[in-house]
Each structure stands twice: as C-alpha cells, then as structure tokens.
Amino acid sequence: MRDRSRFGTPFLPINPSTEELNFYSAQMELMGKYCLKHSGEYLAYLSTAYIARDMEEIRKALQMKELNYYGLSYGSILGVTYANMFPENVGRMMFDAIVNPIDYFSDFFKFLNGLQDLDETLEKFGEYCDELPFANCSLSKLEHGIPALTTIDNVIESLKNQPILVTETDIPAVVTAEYASMVLFESLYSASLYPNISNAFYQASIGNGLPMIQLSEYIPFTSPQTTPSNILKRNQPGLATLCSDTDISTTHYTLQEWKTQIKEYSNHTSMLGSRQWGWKFLSCRTWPRFEHTDRYTGPWNKQLKNPVLIIGTRYDPVTPWTSAQVLYDLMGKDHATNQNARLLLHNGHGHGSISQISSCTMDIQIDYVLYGRLPPIDYVCEVDDPLFTIYE
C-alpha cells in the first residue's frame, strides 16, 4: 500500500501545532454548546431511533399497511433500525451503500472502519487510468510514463510548499495540499467524476488550479472559501444525529487521545479518509449528551414481515463491501431459509450502486419493488460502462 502520510484535511494542517489543534478543538466544542443553547432539549431527540419512530408515525398517518423504503449510506442505518424496531411493518425495503450497524453505534472510531476500502479504491483508480489514453485519463502512465497516483502524490507534495492561486473565478481561490486532498477524497464517491479528477490533478501539475476549483462544484461543501465551521453548520442535524448515536465512550477521549486514535486508524484503514473524518467529527468528543436519548443498538435479526434487499458496491470508498456482508449475516444468514434478507453485489466503483450505472442492478431493484422478487443467492451485477467513460 502506498504511503498516504502527505494527505491533509481542510480542517487542520497535515502536521498541526499544539496551538492550531487547541483552537480547532475549541471551535468544535463551541458548535455543540451553540446548538445546546439554541435547540436545548430538542437535541436529545436527534437520534436514529427517534427518526425511525417518526417514520412509523408517518406510515400510520398515511394509513399504509407496510413501509416501503430505499436508504443509501446513512439511510441504510436508518432503514435497518426501523426494520428491527418495527419488523411487523416492513414492506419492500432496499438498503444500499451499507454502514455496519455494529461499528456505527459503537465508539466513534469504529465508524472509521468504513474507510477500509478507500485506499484500494484509489489504487484501482490509478490502475485503470494508467492503461488508458490521455483523452480518457489525463494522468495516464501511457501518456506520461509516470503512474497516475505518483503524479497525484507529487501534486499534493508540491502544493504544501507552493499553493496555486486561481484568479479566473468570481472569488479568487487558493488550492492547497489540504484542499486537494479533500477534493480527491470526496470525488471518489462518484465514478462519473474519475475523468474530472484526473484532469484536475494533471492541470494542477502544470500550475493550473482552475479545474480543481471547478471539480469542487460537483461536491457539497468543498468551496475553497468554506471554513470548517461553515461545513458543519450546514450539516448540523446529521452531525447531531451521528454524535448522539455513538457510544458514550466517545466523550471520554482527551484531545491527544483523539489525535492518537486518528493515527492508529489511518494505519489500518486509510490515511486519506481517517484524517478527513476524524477531524471533521471532533465535535462528537464534546457533544451534549442526554440520559433519555433513545439509542437502538440491536438486535438486528428480528423476523421481518417481508425480506429486505441489501446492495453492496465492490469498490466503495466509505461503505465497504464487507459491511454489506456483515449486515446480511446479521439479518439474513442467521435464518436457514434466508427469508429476512438477500444480498446483491454491485461490481462497480463509487458510493452506492447509483455511482456507476448497472442495468442489471436497476432491473433487480425494479423487480423487487414492483413484484417482491429477490435475486438468486450470491448474485453479482456488472456495470454497463468501464471507468473513465466520457459521456457527451
């Protein structure tokens, strides 16, 4: 595995000083206190279990006999929570881009296990790129004689010492190593952006930062002018829910222990992703907690009224295929007839099956939603087009 120690985060420099770390920690603690001041007891009801109860109330209000549902990423956590809290009301429910519920509801750092396929996904990006012509992948080894990932590494290393100034935009911008690392991480969510990633880093390698800024337009909250506090303010309900869902042990870390945990998880998951998520969610360390907050933490194998469809993508940067297998084991394999769940492998790239289109996957989804038919056990769907396909 390649050394990713050069990757930074927009939240902190790659090697923050004690003063920088303390100031950032104070900002993150302030966010929790600010939410508590303005939302008060409402914060106690921002948990996945309460959201699942809201879904049940919606079902009853609409006089639906069963709840039909599609949940992607966090939506898979919400869906599996609802299914096990209200198993008698499960209709046709699909979970895509699976978050491991055991990890999610544990200590926050278990959540970082979701990054275990990120580096492999990036490696595959490089392998595919290096075999393609320049028109499909601007970083191609065939074109430059240098592996694509080496060029990316070199660009990020160069940006540490010489950021690129961009004046062609309405608001002038500076492309830094931390910013380029964030754009790379977030762009891997969508396989359709792979050509854009390669072009952005190729152009940056020759001193042009504009494509990097333009790439950020496809990714929420990645403007170079966006501050860490603004990023989190715009996603406060999600942050509050995540922090409320994690085990109380998350609040027992000192700042130095948090930093150590990020380093440890960087070593066995992903240096690129662990720093991004580890510092992004530092607020959870000091988030306000309430004794009466409802947290559903299992069991996950309740007998359901109808079986659910679980979809995992082979090269997903943030919800690995193994998480889909874990959820299937928890929900389905414990039952000899597999009546609770069926697992589908979407053999593609990106975050969820929507990232790289597969007619096979879509046909199975339609068949399940309309007729309740499940795919055969151990079924695999291939994608329609190869990576780096350029669409007009």
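Below is a summary of the structure that appears in this document. (Residues numbered from 1 in each chain as written. Predicted model: local features only at pLDDT ≥ 70, side-chain atom pairs only at ≥ 80, totals over all residues. Heavy atoms only, no water.)

**Quick notes on the overall build of the protein chain**
Scanning the protein chain from N- to C-terminus turns up 16 helices and 7 strands. For the protein chain, whose C-alpha radius of gyration is 22 Å, the value lies close to the compact-globule estimate of 21 Å for 392 residues. Structurally, the protein chain occupies a C-alpha span of about 60 × 50 × 40 Å along its principal axes. Looking at the protein chain as a whole, 55% of its 392 residues qualify as buried. (Helix = DSSP H or I, 4+ residues; strand = E, 2+ residues; numbered from the N terminus. Rg over C-alpha atoms; globule rule 2.2 N^0.38 Å. Buried < 20%, exposed > 50% of the residue type's maximum accessible area, 1.4 Å probe, protein only.)

**Focus on the side chain of Ser76**
Structurally, the position occupied by Ser76 is in helix α3 (residues 74-85). At a separation of 2.6 Å, a polar atom in the side chain of Ser76 contacts the main-chain carbonyl oxygen of Ser73. Among all residues touching Ser76, those that are not within four sequence positions of it are Gly71, Phe95, Asp96, Ala97, Ile98 and Val99. (Polar contact = N/O pair within 3.5 Å; in protein donor to acceptor, adjacent residues only side chain to side chain. Contact = heavy atoms within 4.5 Å.)

**Topic: the state of the cysteines**
In protein chemistry, a disulfide is the covalent bond that joins the sulfur atoms of two cysteines. Tallied over the entire structure, the rule returns 3 disulfides. Put simply, Cys243 and Cys284 are joined by a disulfide, and their sulfur atoms are 2.1 Å apart. The chirality of the disulfide connecting Cys243 with Cys284 is left-handed, given an S-S dihedral of about -85°. Here Cys243, found in helix α12 (residues 236-245), pairs with Cys284, found in the loop between α14 (271-280) and β5 (308-315); they are 41 residues apart in sequence, far enough to count as distant. Grouping residues by exposure puts Cys243 and Cys284 together as buried. A sulfur-sulfur separation of 1.9 Å characterises the disulfide bridge that pairs Cys360 with Cys381. (Disulfide = S-S within 2.5 Å.)

**So, the packing of helix α7 (residues 148-161) against helix α9 (residues 194-205)**
Following both chains from N to C, one finds α7 and α9 inclined at 55°, their axes separated by 9 Å at the closest point. Viewed along their axes, α7 and α9 adopt a mutual orientation that is oblique. The handedness of the crossing between α7 and α9 is left-handed. Residues Thr151, Ile152, Val155 and Ile156 of α7 lie in contact with α9, whose contacting residues are Phe201, Ala204 and Ser205. (Axes fitted to C-alpha atoms, helices over the stretch in contact; angles between N-to-C directions. Parallel < 35°, antiparallel > 145°, perpendicular 65-115°, else oblique. Left-handed = near helix turned anticlockwise from the far one by under 90°.)

**Let's talk about the environment of Tyr45**
In this fold, Tyr45 is placed in the loop between α1 (18-39) and α2 (48-61). In this structure Tyr45 touches Tyr50 and His292, once residues within four positions along its chain are discounted.

**Here's the deal with the packing of α7 against helix α8 (residues 177-187)**
Viewed as axis vectors pointing N to C, α7 and α8 meet at an angle of 150°, and their least axial separation amounts to 8 Å. In terms of orientation, α7 and α8 fall into the roughly antiparallel class. Packed against α7, whose contacting residues are Ile152, Ile156, Leu159 and Lys160, the element α8 presents Ala177, Ala180, Ser181 and Leu184 at the interface. Grouping the constituent residues of the contact of α7 with α8 by class yields 6 nonpolar, 1 polar and 1 charged. (Nonpolar A, V, L, I, M, F, W, Y, C, P; charged D, E, K, R; others polar.)

**Describing the environment of Ser76**
Residue Ser76 is classed as buried on the basis of its relative accessible area of 1%. Placed 21 residues apart in sequence, Ser76 and Ala97 show a C-alpha to C-alpha distance of 7.1 Å. Here Val99 takes part through its backbone nitrogen, which lies 3.1 Å from a polar atom of the side chain of Ser76.

**Focus: the pattern of salt bridges**
Applying the stated rule across the entire model yields 10 salt bridges. The partner of Glu57 in a salt bridge is Lys60, and the shortest N-O contact between them spans 3.0 Å. With Glu57 and Lys60 both in helix α2, this residue pair falls 3 residues apart, about one helical turn. Look at Glu57 and you get partly exposed, because its relative accessible area is 45%. Put simply, Lys305 and Glu66 hold a salt bridge, and the shortest N to O gap is 3.2 Å. Separated by 239 residues along the polypeptide, Lys305 in the loop between α14 and β5 and Glu66 in the loop between α2 and β1 (67-73) bring together distant segments of the chain. Assessed through its relative accessible area of 44%, Lys305 is described here as partly exposed. When salt bridges with common partners are traced through the structure, they connect Asp117, Glu120 and Arg314 into a single cluster. (Salt bridge = Lys/Arg side-chain N within 4 Å of Asp/Glu carboxyl O.)

**Let's talk about the sheet that holds β1**
An order of β1-β2-β5-β6-β7 is seen for the 5 strands of this open sheet, with the pairing classed as parallel. Two strands in the sheet have a free side with no partner beyond their single neighbour: β1 and β7 (379-382). Recorded for the sheet is a direction-independent mean angle of 15° between the axes of neighbouring strands. In this fold helix α5 (residues 118-130) packs onto β5 and β6 (341-349), with an angle of close to 55° to the strand it touches most, β5. Here helix α16 (residues 359-371) sits on the sheet in contact with β1, β2 (90-98), β5, β6 and β7, set at roughly 160° to β2. (Pairing = 2+ DSSP bridges.)

**Comments concerning a nonpolar patch on the surface**
On the surface, Ile357, Met362, Ile366, Val369, Leu370 and Tyr371 cluster together to form a nonpolar patch covering roughly 560 Å² of accessible area. Relative to the helices and strands, Tyr371 resides in helix α16. (Patch = residues over 30% accessible without salt bridge, like charges linked within 9 Å, V, L, I, M, F, W, Y side chains within 5 Å. Areas by Shrake-Rupley, 256 points an atom, 1.4 Å probe, with all protein chains shown as cover.)

**Details of the packing of aromatic side chains**
A full pass over the atoms with the stated rule returns 24 aromatic pairs. When the ring of Tyr69 is compared with that of Phe95, the centres are 6.4 Å apart and the planes differ by 70°; the resulting orientation is edge-to-face. Taken together, the residues Tyr69 in strand β1 and Phe95 in strand β2 connect sequence positions 26 residues apart. The residues Tyr69 and Phe95 share a single accessibility class, namely buried. A cation over a ring is seen here: Arg314 above Tyr315, with NZ or CZ 4.4 Å from the ring centre. (Phe/Tyr/Trp six-rings, centres within 6.5 Å; stacked < 30°, edge-to-face > 60°. Lys NZ or Arg CZ within 6 Å of the ring centre and 35° of its normal.)

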